[in-house]
Amino acid sequence: MTESITTQKYKAFSVIRIWTLAANTVTQLLRMRILAFLTVFSLIAIAAGFSFPTMSPEQQLKLLKDVSFGSLQIFSIVIAIAATSILIPKDLEDRTLYTILSKPVPRYEYLIGKLLGVLLLIGGGLLIMDLILSAVIWIKQSLIITGQIAALKQEQSATPENVAAIKMIIGKYGLTWGVHAGVFAVFLKASVIAALSLLISSFASSTLFTIVVAFAFTIIGHGQQLLRDWFLHDTLSSGFGKIISGLVVIICPDLKLFDVVDKVITGEIISAVTLASMGGMATLYIVGYTATAYLFFVDKEL
Amino acid sequence: MKHKLLVFALLIAICLSKLPLENSLTATLRRQKLLDTGLDLSMRESLGQMGFAASLGGLRSLIASISYLQSYTAFENLDWGTVDSLMTLTTRLQPTEPTYWEEASWHMAYNAASNYLNNNELRAAIRNKLFRDHVNRGISILDEGLRYLPDNPRLLMKLGDIYRDRKPDPKLAAEAYLNAYDHGAKSFYERMGAYELVKLNDRTSWEKAYAILKRYYDSGARYASIMRDLPILEAKLEIPVEKRVPVPTKAP
Amino acid sequence: MTPDISPTTAVSVENLTKIFKIGMTKKALVAVRDLSFKVNQGEVYGLIGPNGCGKSTTMKIMLGLVKATQGRTAIFGRNSEEVASRNNVGFLPENPYFYKHLSARETLHFYGKLCNMKGSELHDRAEAMLTLTGLTHAADRRVGGYSKGMLQRIGLAQALINEPRLLILDEPTAGVDPVGSRRIRDLILELKQRGATIVVTSHLLEQIQEVCDHVGIMSNGQMVKEGKLEDLISVGNQTEIILEDASPELLEQIRGLINKNDQQTKLVSLGKPRTTLEKLFLESTTQTGDQEPS
């Protein structure tokens, strides 16, 4: 590019600008010590991994995964809501938004950049936690298998058949590809919630309002499936209740679609196709919420 | 303005496609057994508000683990009523998790039943009744689990164990073991089924048992139980001497 | 782009009205009322007026941060509502804050990238702006620890990062000490030399007077006086002569000339001009304002 800056053509959509905003959002959130949770998570995983040695091996592994996935989900949802709700009001308050939007930056790029930054942060955090969790499961699983084989040897029944059977049973509850698929599903859910929070913060007047409403929608989103079944199949009732439930069904995401963690914990297999359709659904939600957020934000008086 | 119209059009498209897509993905996930149907409404009472919200919020597995842990504490305190109700809660939260059903029935049919049987503070008649009641409770837990997980080998194996050890009924035990083997249990359980069939009094069962054990014998297996039961079956079935297995000279 | 705008017009504001709806009752508040003015390329335009007179709102509308209720503003012929109109604009808001976690250099790189700059072009430009605003020594320090004057200067540097043809400065010297303030005014004059168009607001009228070609005075959302600075403030029928090392004899001769020459001419004052307090301050302080006191 030898063109001088002043004559440079304006681009309506620039990946570089979005990336710049996203990367800045990541560092901004990192400096807020948001990932301190990672340390807490590691401690939880290790504690869950090495307590309760009297329970059956499968239960020990299941408990380890339950507790770890539980904290993983809480981490990702809390960050998705809190981080996203804080970002725009903070920029507005510090007037950094003025300097950013007085550059040739379209408002949708600003929104996309902020959202992408939050998603990158959550994704990175989950990736690290996935590694920690995998390591703990693997160590735990190896210890259990070694212990069981030793017990078999003591009973003089360590036939190759028995050893293989133990490895198979424990393996199903141990480290599988499903664990990573589960973490991916948690990420998808958190991404949808982040986009929803972004939408709320695009018209909300306070951060607290955004956080409360986003949490409410997160809870309703987990029950959307029930409500949808009722809305679509119940033909008897009509009137006000029907209208309200219809509205909720249209607005709310179905967060249950990403709740495959339960099954992953017990070693169920998720196909790549299923994961891809979950990803597609999440993308649809994210695009929808971000587009709506744009409609609110484009007319916002700063 | 052009932008806004475009975004509006996009939103309408998303709203229209949202419900059908959600329905089809839900159906797919349910078909692949990755998603349970909604919680039983009666569950709400046992869970309490927080637990209910959390289990809706994707932490169902965690809540199940917690109630499981609580039942474990009750088990250590020999508080059998609490063990039963907490394990019921656990299995209801995750009915497709076989280990929960298995453990729930084990607590009842083995731990609780034996504990009552050995309780010298109780009168003998009551001890025996409590023993039988808890063994039956263990069986009913497995039956319920098998409704959620039809032909699950783990549950069938456990059912066989109970019918063999706790409420001797060789016919049902054999049925459970062989069923377990047919659905993926190890070959050991086919032999277990055969040993139970030997205890019965009809020719069909003996023939079935003989066919199984002879097959293992022919493929080189010389387990003590095979060597014990094959001659018995040969006698009952009047197998010609030349076709019988050689009797070992000394007991293994 | 639009035919009614001459190629030399940098900013045009036409019949601009802005009404804010406030609170739950949607009470109307007129911030700007039927405002029109033009800024020609290459000139420094000072928009002055009391607080709340609509200066900042006008600037925000020019930058597309706020939408006009009626009328329109355009920058180099492009409607302010188009994002592309901000391609050639640098903006320094009042009391700017930047991301506290970034250093001055990182801040400039951030804003540069938002203007689609990259590579060595961005790097060189950022260094040049750090030098221009005298922040080179503090370039690697977090902006969070900057003094008011330094924030104002990094604000100016980020406004200039994309070499804009139009610079919009909202109260650039507010809250800055005289040395820093002098520096900023010098920068404005230097940029003017280089051909930039500048719109500046201030309520420190003396400072405006020093740098502006054109001045508009706003009150209650309306333009009450507008024109060339010279025309607005020169007293038409007076002339000032300032002499250096003049002997008393020479002064006496001049006095004589005046009396002799014309009946109408009157001597209004003759004496030693006073220095301003600001000049005195600038001469007496050695601290440059670049460093924090150690």
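None of these values were measured; they are calculated from a predicted model.

1. Things to note about the domain arrangement of chain B
The domains assigned to chain B are domain 1 (59–150) and domain 2 (172–252). A separation of 33 Å is found between the C-alpha centroids of domain 1 of chain B and domain 2 of chain B.

2. Considerations on the pairing of strand E1 (residues 9–22) of chain C
Look at any regular strand and the pattern is simple: side chains alternate between the two faces of the sheet. Both E1 of chain C and strand E2 (residues 27–40) of chain C contribute to a ladder of ten bridges, which runs antiparallel. Within the sheet, the bridge partner assigned to Phe20 of chain C lies in E2 of chain C and is Leu29 of chain C.

3. Observations concerning the interface of chain B and chain A
Contact with chain B, which involves 47 residues of that partner, is made by 60 residues of chain A. Applying the counting criterion to the chain B and chain A interface returns two salt bridges. With its nearest N and O atoms 3.5 Å apart, the salt bridge here joins Glu22 of chain B to Arg228 of chain A. Where chain B meets chain A, there are 20 residue pairs in polar contact (both at pLDDT 80 or more). Those elements giving two or more residues to the side of chain B that touches chain A turn out to be helix H1 (2–31), helix H2 (43–76) and helix H4 (98–117) of chain B. Element by element, the count of residues in the side of chain B that touches chain A is highest for H1 of chain B, at 18 residues. Residues belonging to the side of chain B that touches chain A are distributed by class as follows: 20 nonpolar, 15 polar and twelve charged.

4. With respect to the layout of surface pockets
Residue and element names in this part refer to chain C. Looking at the second largest pocket, its volume works out to about 1,100 Å³. Around the second largest pocket, the lining is made up of 22 residues, and of these Thr239, Glu240, Ile241, Leu267 and Ser269 lie nearest the centre. Considered class by class, the residues forming the lining of the second largest pocket number eleven nonpolar, six polar and five charged.

5. Looking at the pattern of salt bridges
Taken as a whole and assessed by the stated rule, the structure comprises 34 salt bridges over all chains. Of the charged contacts, one joins Glu109 of chain A and Arg17 of chain A as a salt bridge, the two residues approaching to 2.5 Å between their closest N and O atoms. Of this pair, Glu109 of chain A sits in helix H5 (residues 107–154) while Arg17 of chain A sits in helix H1 (residues 15–31); the two residues are 92 residues apart in sequence, bridging distant segments of the chain. Summarising the burial analysis for this pair, Glu109 of chain A and Arg17 of chain A share the class buried. One network of salt bridges, in which partners are shared, links Arg228 and Asp254 of chain A together with Lys18 and Glu22 of chain B.

6. Description of the interface of chain A and chain C
On the chain C side, the residues contacting the 35 residues of chain A number 40 residues. Roughly 3,500 Å² is buried in total at the junction of chain A and chain C, and carbon and sulfur atoms are behind 55% of that figure. The interface formed by chain A and chain C holds 16 residue pairs in polar contact (both at pLDDT 80 or more) in total. Elements represented by at least two residues in the side of chain A that touches chain C include exactly H1, helix H4 (96–101) and H5 of chain A. Ranked by the residues each element gives to the side of chain A that touches chain C, the list is headed by H1 of chain A, at eight residues.

7. As for the packing of helix H6 (residues 153–166) of chain B against helix H7 (residues 170–182) of chain B
Residues and elements named next belong to chain B. Axis separation between H6 and H7 bottoms out at 8 Å; the angle between their running directions is 160°. Classed by the angle they form, the pair H6 and H7 counts as roughly antiparallel. The element H6 and its partner H7 pack so that their crossing is left-handed. Contacts between H6 and H7 involve Pro153, Leu156, Met157, Leu159, Gly160, Asp161, Tyr163 and Arg164 from the first element and Leu172, Ala173, Ala176, Tyr177, Asn179 and Ala180 from the second. For the contact of H6 with H7, the class distribution of residues is ten nonpolar, two polar and two charged.

8. As for the packing of aromatic side chains
All told, the structure shown has 18 aromatic pairs over all chains when counted by the stated rule. When the centroid spacing of 5.7 Å and the interplanar angle of 35° are considered together, the rings of Tyr177 of chain B and Tyr189 of chain B count as tilted. Taken together, the positions of Tyr177 of chain B in helix H7 and Tyr189 of chain B in helix H8 (residues 187–198) put the pair twelve residues apart, joining distant regions of the chain. Through a chain of ring-to-ring contacts, three or more aromatic side chains come together here, namely Tyr68, Tyr72, Phe75, Trp80, Tyr100 and Trp106 of chain B. Here the basic side chain of Arg166 of chain B rests over the ring of Tyr110 of chain B, its NZ or CZ set 4.7 Å away from the ring centre. Above the ring of Phe76 of chain C, the side-chain terminus of Arg165 of chain C is found at 4.0 Å from the ring centroid.

9. Notes on the side chain of Ser197 of chain A
By the element assignment, Ser197 of chain A lies in helix H7 (residues 177–203). Aside from chain neighbours lying at most four places away, what touches Ser197 of chain A is Ala80, Ile81, Thr84, Ser85, Thr210 and Ala214 of chain A.

10. With respect to the sheet that holds E1 of chain C
All names here are of chain C. On the basis of which strands lie adjacent, the open sheet formed by four strands has the order E2-E1-E4-E5 and antiparallel pairing. Each edge of the sheet is formed by a strand with only one pairing partner; in this case those strands are E2 and strand E5 (78–79). Along the sheet, helix H1 (residues 55–62) makes contact with E1, E2 and strand E4 (70–75), crossing E1 at roughly 115°.

11. Points about helix H2 (residues 104–114) of chain C
For H2 of chain C, the buried fraction is high: eight of the eleven residues fall into the buried class. Within H2 of chain C the residues assigned to the buried category are Ala104, Thr107, Leu108, His109, Phe110, Tyr111, Gly112 and Leu114 of chain C. In the core, the buried residues of H2 of chain C are packed alongside H1 and H4 of chain A together with helix H3 (119–132) and helix H4 (148–160) of chain C. Asn116 of chain C sits one or two positions beyond H2 of chain C and adopts a positive phi of about 65°.

Thresholds applied
Residues numbered from 1 in each chain as written. Chains lettered and ligands numbered in written order. Predicted model: local features only at pLDDT ≥ 70, side-chain atom pairs only at ≥ 80, totals over all residues. Heavy atoms only, no water. Domains from an automatic or database assignment. Pairing = 2+ DSSP bridges. Helix = DSSP H or I, 4+ residues; strand = E, 2+ residues; numbered from the N terminus. Contact = heavy atoms within 4.5 Å. Salt bridge = Lys/Arg side-chain N within 4 Å of Asp/Glu carboxyl O. Polar contact = N/O pair within 3.5 Å; in protein donor to acceptor, adjacent residues only side chain to side chain. Nonpolar A, V, L, I, M, F, W, Y, C, P; charged D, E, K, R; others polar. 1 Å grid on protein atoms, 1.4 Å probe; cavity = no way out; pocket = protein on both sides within 12 Å on 5 of 7 lines; lining within 4 Å. Points joined across faces, edges and corners; volume = space filled by probe spheres on them. Buried < 20%, exposed > 50% of the residue type's maximum accessible area, 1.4 Å probe, protein only. Buried area = accessible area lost by both parts, 1.4 Å probe. Axes fitted to C-alpha atoms, helices over the stretch in contact; angles between N-to-C directions. Parallel < 35°, antiparallel > 145°, perpendicular 65-115°, else oblique. Left-handed = near helix turned anticlockwise from the far one by under 90°. Phe/Tyr/Trp six-rings, centres within 6.5 Å; stacked < 30°, edge-to-face > 60°. Lys NZ or Arg CZ within 6 Å of the ring centre and 35° of its normal.

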